[in-house]
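Letter by letter, the chains look like this.
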Amino acid sequence: MLDGSDLYTLDIDGASFVKACGGPCTEGCVTLARIGDDAWALGDSKRPDAQPLRFTSDELHAAGIDPARFGLHV
């Protein structure tokens, strides 16, 4: 299992981000991508210059975020 510092060693170039908005938002500002086994990147399309934050599956689950809800395989 990855720890928080290991997540930032993963290469996310070419990661496929999807809109992960939880409401009727049409802007899709929150984006989510699987970047490895048990590893996810959470970005902000309104700030493309900002590095996406990285989380383990357990961390996403604790925050109430289910990648499957946005069409991503868990």
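Owing to the predicted nature of the structure, the values given are computational and were not obtained by experimental measurement.

This paragraph deals with the nonpolar core. If you look at the biggest cluster of nonpolar residues, it comprises seven residues: A20, L32, W40, L42, L60, F70 and L72. Sequence-distant contacts of L72, defined by excluding residues within four places in its chain, comprise V18, L32, A33, W40 and P67. Among the nonpolar cores identified, the runner-up in size contains five residues, and I12, I35, A39 and A41 belong to it.

Among all residues save glycine, negative phi is the norm, and among peptide bonds the norm is trans. Here D38, not a glycine, exhibits a phi torsion of approximately 65 degrees, which is positive. Tracing the sequence through the fold places D38 in the loop between β2 (30–36) and β3 (39–44).

To continue, consider the sheet that holds β2. Strand order in the open sheet formed by four strands is β1-β2-β3-β4, with antiparallel pairing between adjacent strands. Looking at strand neighbours, the two that pair on one side only are β1 (18–19) and β4 (53–56), the edges of this open sheet. Of the strand pairs in this sheet, β1 and β2 are connected by two bridges, and their pairing is antiparallel. Bridge pairing in β2 links K19 to T31.

All right, on to the confidence of the model for the protein then. Per-residue confidence for the protein gives a mean pLDDT of 86, with 84% of residues at or over 70. The secondary-structure element of the protein with the lowest mean pLDDT is helix α1 (residues 4–7), recorded at 76, while β4 shows the highest, at 95.

Definitions and limits used
Residues numbered from 1 in each chain as written. Predicted model: local features only at pLDDT ≥ 70, side-chain atom pairs only at ≥ 80, totals over all residues. Heavy atoms only, no water. Core = buried A, V, L, I, M, F, W, Y, C linked by side-chain atoms within 4.5 Å. Buried < 20%, exposed > 50% of the residue type's maximum accessible area, 1.4 Å probe, protein only. Contact = heavy atoms within 4.5 Å. Helix = DSSP H or I, 4+ residues; strand = E, 2+ residues; numbered from the N terminus. Pairing = 2+ DSSP bridges. pLDDT = per-residue confidence, 0-100.

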